[in-house]
Amino acid sequence: MELDLTPKQPKQVYGGDGGSYFAWCPEELPMLKDGNIGAAKLALKQHGFAVPRYSDSPKVAYVLQGSGTAGIVLPEKEEKVIAIKEGDSIAIPFGVVTWWFNSEEKDLVILFLGETHKAHKRGEFTDFYLTGSNGIFTGFSEEFVGRAWDLDEGTVKKLVGSQTGKGIVKLDAGFKMPQPKKEDREGFVLNCLEAPLDVDIKDGGRVVVLNTKNLPLVGEVGFGADLVRIDAHSMCSPGFSCDSALQVTYIVAGSGRVQVVGADGKRVLETHIKAGSLFIVPRFFVVSKIADPEGMSWFSIVTTPDPIFTHLAGRTSVWKALSPEVLQAAFKVDPEVEKSFRSKRTSDAIFFPPSK
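Attention in this report is confined to the structure presented alongside it. All values reported here derive from a predicted model rather than from experimental measurement. (Residues numbered from 1 in each chain as written. Predicted model: local features only at pLDDT ≥ 70, side-chain atom pairs only at ≥ 80, totals over all residues. Heavy atoms only, no water.)

So, on to the overall build of the protein chain. Within the protein chain one finds eight helices and 23 strands. Taking the principal axes of the C-alpha coordinates as reference, the protein chain spans close to 90 × 40 × 35 Å. Put simply, the protein chain has 356 residues, and 48% of those count as buried. Here the analysis covers contacts within the protein chain between residues at least 6 apart in sequence; of these, 73% occur between residues at least 24 apart. Accessible surface, the protein chain as shown: approximately 18,000 Å² in total, 53% of it carbon and sulfur. Put simply, the protein chain has 41 plus and 45 minus side-chain charges, and the middle of one group is 4 Å from the middle of the other. (Helix = DSSP H or I, 4+ residues; strand = E, 2+ residues; numbered from the N terminus. Buried < 20%, exposed > 50% of the residue type's maximum accessible area, 1.4 Å probe, protein only. Contact = heavy atoms within 4.5 Å. Areas by Shrake-Rupley, 256 points an atom, 1.4 Å probe, with all protein chains shown as cover. Lys, Arg positive; Asp, Glu negative; His and termini not counted. Charge placed at Lys NZ, Arg CZ, Asp CG, Glu CD.)

Structure (structure tokens):
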């Protein structure tokens, strides 16, 4: 069976006046199920409130657009109320309860990428809502709710039946939500647009990597992430993950071309990608991208906490490590061609600006 790596857009799962929840479907993007990867997007309109929930999968959240407030409750810990904005990344381990709120006119849009090895459904996130028409309270009988929280029948009926919304609701404009605390961001949020750059190539591109040093909770979710931005017409060097990790990539902005080469030298993907699309690169496959005139940026997770990449161009590429005789024999070329090949791309760069 041929591997389908075609980039896909998400589909709406549910929504209403407060906003919508979208997800990528394993039936349309089979690599999600094959790689045990989940991907979803939350879009909240003004006064939209995503009610408290927890998930069966660890995730990394990335704020694509807008600003708002997030509530995070680690097991047996106090609630953290955090102001969030475009570029923020938040690691969300198993069992963490979260809620999300948008008080601004501009939509708040959040991307979620994560692993589904222990999920109920491979390739999909399953959220468990604490309230609402599909919340945990509605599943228990009034007797059990009353006994568990020591409540009278009238109060139980109000708690169980008052909130008829599902997942996302719209609050009254005058409703006051908790105010975020600046100190609550520490250790929970990293803004990828403001963080120190791990790679910075003039006229080429920039990278910010999420790791346990700049975002400690990354260690608990069990996989790494990064934000990559490349400039107009720049190229991201062909490379692959040499530790059997999958690369899950969401195009944040801009557009460009991508090629992926797999086993037997077969080009398994060659397409134009644009903002909003998601694609997955299988283990050990080689991928490269070239940006259009407006540049391109993407947010990725790699399914190992400390990924190791091998780039096939640049000073540190494997070609530079191989002896001249090996390259001459392997390519079946004379020493002059081998020397010309080796002498190019002598910097450590992984992004290549267009030739001037």
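Additional details are given in the paragraphs that follow.
Once that is clear, we can look at empty space enclosed by the protein. Scanning all chains against the criterion turns up one cavity of 30 Å³ or more. Volume-wise, the largest cavity comes out at about 130 Å³. If you go around the largest cavity, you meet 14 residues; those closest to its centre are Arg53, Ser55, Lys59, Thr98 and Asp127. Broken down by element, the residue count for the lining of the largest cavity peaks at three residues, all from strand 4 (residues 48–55). Its residues placed into classes, the lining of the largest cavity shows eight nonpolar, three polar and three charged. (1 Å grid on protein atoms, 1.4 Å probe; cavity = no way out; pocket = protein on both sides within 12 Å on 5 of 7 lines; lining within 4 Å. Points joined across faces, edges and corners; volume = space filled by probe spheres on them. Nonpolar A, V, L, I, M, F, W, Y, C, P; charged D, E, K, R; others polar.)

What follows concerns the packing of helix 3 (residues 142–149) against helix 4 (residues 153–161). Following both chains from N to C, one finds helix 3 and helix 4 inclined at 110°, their axes separated by 10 Å at the closest point. Relative to helix 4, the element helix 3 is oriented roughly perpendicular. Taking contact as the criterion, the partners of Glu142, Val145 and Gly146 in helix 3 are, on helix 4, Glu153, Val156, Lys157 and Val160. Of the residues assigned to the contact of helix 3 with helix 4, the class counts are three nonpolar, one polar and three charged. (Axes fitted to C-alpha atoms, helices over the stretch in contact; angles between N-to-C directions. Parallel < 35°, antiparallel > 145°, perpendicular 65-115°, else oblique.)

We now examine the sheet that holds strand 3 (residues 37–44). On the basis of which strands lie adjacent, the open sheet formed by seven strands has the order 1-2-3-10-5-8-13 and antiparallel pairing. The sheet terminates laterally at strand 1 (11–16) and strand 13 (189–191), the two strands that pair on one side only. Here the strands of the sheet are splayed against their neighbours by 20° on average, with no regard to which way each runs. (Pairing = 2+ DSSP bridges.)

As a further point, take the packing of aromatic side chains. This structure, assessed with the given rule, holds ten aromatic pairs. Taking the centre distance of 5.4 Å and the plane angle of 15° together, the rings of Tyr14 and Tyr21 count as stacked. Here Tyr14 matches Tyr21 in class, with each residue buried. For the ring pair Trp24 and Tyr250, a centre distance of 5.9 Å and an interplane angle of 80° mean the geometry is edge-to-face. Remark: Tyr250 occurs in strand 18 (residues 247–261) and Trp24 occurs in the loop between strand 2 (19–23) and helix 1 (31–35); sequence separation between them is 226 residues. (Phe/Tyr/Trp six-rings, centres within 6.5 Å; stacked < 30°, edge-to-face > 60°.)

The next point concerns the pairing of strand 3. Taken across its eight residues, strand 3 has eight buried, putting it largely inside the fold. Alternating positions in strand 3 separate into two faces, Ile37, Ala39, Lys41 and Ala43 on one and Gly38, Ala40, Leu42 and Leu44 on the other, with burial throughout. Two strands pair when backbone bridges link them, and strand 2 and strand 3 are joined in this way by five bridges, in the antiparallel orientation. Along strand 3, the bridge assignment pairs Ala23 with Ala40. Where strand 3 meets strand 10 (residues 108–115), eight bridges bridge the pair, whose relative direction is antiparallel. Within the sheet, the bridge partner assigned to Ala39 lies in strand 10 and is Leu113.

Most of strand 9 (residues 97–102) is tucked away: six of the six residues are buried. Neither face of strand 9 is open: one carries Val97, Trp99 and Phe101, the other Thr98, Trp100 and Asn102, and all of them are buried. In this sheet, strand 9 lies alongside strand 4 in antiparallel orientation, the contact comprising four bridges. Bridge assignment links Gly48 to a residue of strand 9, and that residue is Asn102. Where strand 6 (residues 67–73) meets strand 9, five bridges bridge the pair, whose relative direction is antiparallel. Paired with Gly71 across the strands is Trp99, a residue of strand 9.

Taken as a whole, the second largest pocket encloses approximately 340 Å³ of empty space. Counting only elements with at least two residues in the lining of the second largest pocket, the list comes to strand 1, strand 2, strand 3 and strand 11 (127–129). Class assignment of the residues belonging to the lining of the second largest pocket gives a composition of eleven nonpolar, two polar and four charged.

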